[in-house]
Each structure stands twice: as C-alpha cells, then as structure tokens.
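Breakdown of the fold
So the chains spell out like this:
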Amino acid sequence: SSNQKLFSYLKKPDVIEELVKWSLTEDYRDHPKYLKLVNSAVTVFTNSKLFQQIALENETFLNMIQNFINTTPQSSRVCGHFNRIINSIILGTKGDFIEKLNNLQSFLINNITDMALKDLFVFLSTEFSESFSFNTELLIHLVKSINYDNCLFVVSTIREIIYIDTTLKKFFDSEELIDHLFKIAIETSKSRPLLATELFRLLKNFKELSYYIHVLKKFVDTYEYQDNFSLPYAISIFNKLTPEMFDLFFDPKSCTMLTEAIYE
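My aim in this report is to walk through the structure given alongside it, one point at a time. Computed from a prediction, not measured in an experiment: that's the story for all the values here. (Residues numbered from 1 in each chain as written. Predicted model: local features only at pLDDT ≥ 70, side-chain atom pairs only at ≥ 80, totals over all residues. Heavy atoms only, no water.)

**With respect to the overall build of the protein chain**
Looking only at helices and strands, the protein chain features 16 helices and zero strands. Taken against the 2.2 N^0.38 rule, which gives 18 Å for 264 residues, the C-alpha radius of gyration of the protein chain at 23 Å runs more than 25% over that of a compact globule. The burial tally for the protein chain puts 50% of its 264 residues in the buried class. A fraction of 68% describes how many contacts in the protein chain between residues 6 or more apart in sequence connect residues 24 or more apart. Accessible surface, the protein chain as shown: approximately 14000 Å² in total, 50% of it carbon and sulfur. Within the protein chain, one finds 27 positive and 33 negative side-chain charges whose respective centroids are separated by 6 Å. (Helix = DSSP H or I, 4+ residues; strand = E, 2+ residues; numbered from the N terminus. Rg over C-alpha atoms; globule rule 2.2 N^0.38 Å. Buried < 20%, exposed > 50% of the residue type's maximum accessible area, 1.4 Å probe, protein only. Contact = heavy atoms within 4.5 Å. Areas by Shrake-Rupley, 256 points an atom, 1.4 Å probe, with all protein chains shown as cover. Lys, Arg positive; Asp, Glu negative; His and termini not counted. Charge placed at Lys NZ, Arg CZ, Asp CG, Glu CD.)

**Notes on the packing of aromatic side chains**
Geometrically, a pair of aromatic rings is defined through the distance of the ring centres and the angle of the planes. Across all of its chains, the model carries 20 aromatic pairs by this definition. When the ring of Phe-134 is compared with that of Phe-171, the centres are 5.5 Å apart and the planes differ by 90°; the resulting orientation is edge-to-face. Of the two residues, Phe-134 sits in the loop between α8 (115-127) and α9 (136-144) while Phe-171 sits in the loop between α10 (151-164) and α11 (175-191), which places them 37 residues apart along the sequence. Classification of Phe-134 by relative accessible area gives buried; the value is 6%. Where Tyr-223 meets Phe-238, the ring centres are 4.4 Å apart and the plane angle is 15°; that geometry is what we call stacked. Highlighted residues: Tyr-223 in the loop between α13 (210-219) and α14 (231-238) and Phe-238 in helix α14, separated in sequence by 15 residues. By the burial criterion, Tyr-223 is buried, and Phe-238 matches it. It is Arg-192 that lies over the ring of Tyr-148; its NZ or CZ is 3.9 Å from the centre. Taking NZ or CZ as reference, Lys-240 lies 5.9 Å from the ring centre of Tyr-225, over its face. (Phe/Tyr/Trp six-rings, centres within 6.5 Å; stacked < 30°, edge-to-face > 60°. Lys NZ or Arg CZ within 6 Å of the ring centre and 35° of its normal.)

So far we have only geometry, and geometry alone does not tell us how the molecule works.
Here it is in structure tokens:
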C-alpha cells in the first residue's frame, strides 16, 4: 500500500480496462497463461482495499462493471470472478457500493442458474438486505421468473435465504407470491413432478404465514392428485384424502414417503 508508483500505474484508465477485461471477459482465453493471469487480475481487485478505493473512483472501472451487468455473461467462469470482485468490494464498503450498480437485482435473477450469481443473490439478500432493497416486491419478481429451466435454482435460493436468516421469512407473507408458488406447483405436478416436488416442499416452509391458509383454500377443493412421485408432497400440502389414498396406504408397493404422508 506504500508503493505509490505502482498505484499510479494501476489507476490509469487503460490499465484498469485491461485488468477488467482479464477478469470479466474471455477475450484472452487463447493466451497460453490465461488461467494464471486471470486469477492474478481478479486478485488485484480483491486483495487490496486501497486499490479498491482507487477503482471505485475510476469512471472506466464503474462503467465496465455496469456494462457487465447490462449484458449476458460470457461464461460461468467470469460470473465467478464477478462474484469475487463484487463480494469483496461490497464487504469493504459495508454495502455502499450496491447503490452504484443499476439493475443488479434483475441481472442476478435473470442469471440465477449460474451458481456464482445465485450465491451472490443469497449473500446480498442476507448480509446487506437493506442496501440490496430486499423486500416482498423483489421476491415476487424472483418467484414470477420461475420456469422449467431455473425452477430448482430459484427454490434453492429461497431455501438458503430463509435458512441463513429466518427473520427474512416475513417478506414472503404475500398473497401474490404464495398464490404464484401454488399455481406453478400445481402446473408442474402434471408435467414435471420433480419440480413440483421441490415447490411443494418449499411451500411447507410458509405454513405459518398469514396468507398461506387463505391461498390454500383457493386450490384445495379443485386440485387433483397426480400419480407420480410428487404425490406424497402434494398430500402433505393439501391434507385431503380420497378413497384411492386409502388403497395406496395399504398397498405394499407404495413408498415410505407416500404412506407417511397419508398417515399424517
């Protein structure tokens, strides 16, 4: 930190630009020492608080970070580098850097299938919830983004958030949010039982919320059980039995989860 000549060199716009390119693009992936130099470039941004402060005052750096958010990442590798850099700077600025980034929430939700960006969403939601504007509106946005490709990632994200900080569960107490989870769970129970299973399991976490019973009543009478492996979890949610359920209970071929759900 006492090497002023080094920092005077590093803060030059063209040098900052080169470091960001190595860190957040794959422009140089054909370089024979690509992996080694990429790691070194990322380390420059994450190991020196003084250099981070220099970078935060550099328009080139801020513009390139924002451009990364505004475009589709080139690979999971650069998403990992983005996580490391942003995580480190946000910790160093105690969350203030979040305010400099536009559309960060939407960017992370749109790319939630990348593990590094999913982890960053969870980190910001639980450690800097106020700066990240973590609220019910954000969660509705997250839940409404669910599709066949990202469903398990969204469910995993929500699970991790409420596991890390149970006080955040109050933000899920929304009729619109719970209603959407029920609708997509019912829809996927017919075509994607694995996704339905995870959605039903997730819904069990919200049984104590005030809107849960209200929304459940909208679907309980019309829902038709599906004969697939989401059935035990659907039974545990809707808590209704049909004559066929009793037959399954006494069927020796029924799985343990199914018989336990019927018993309960």
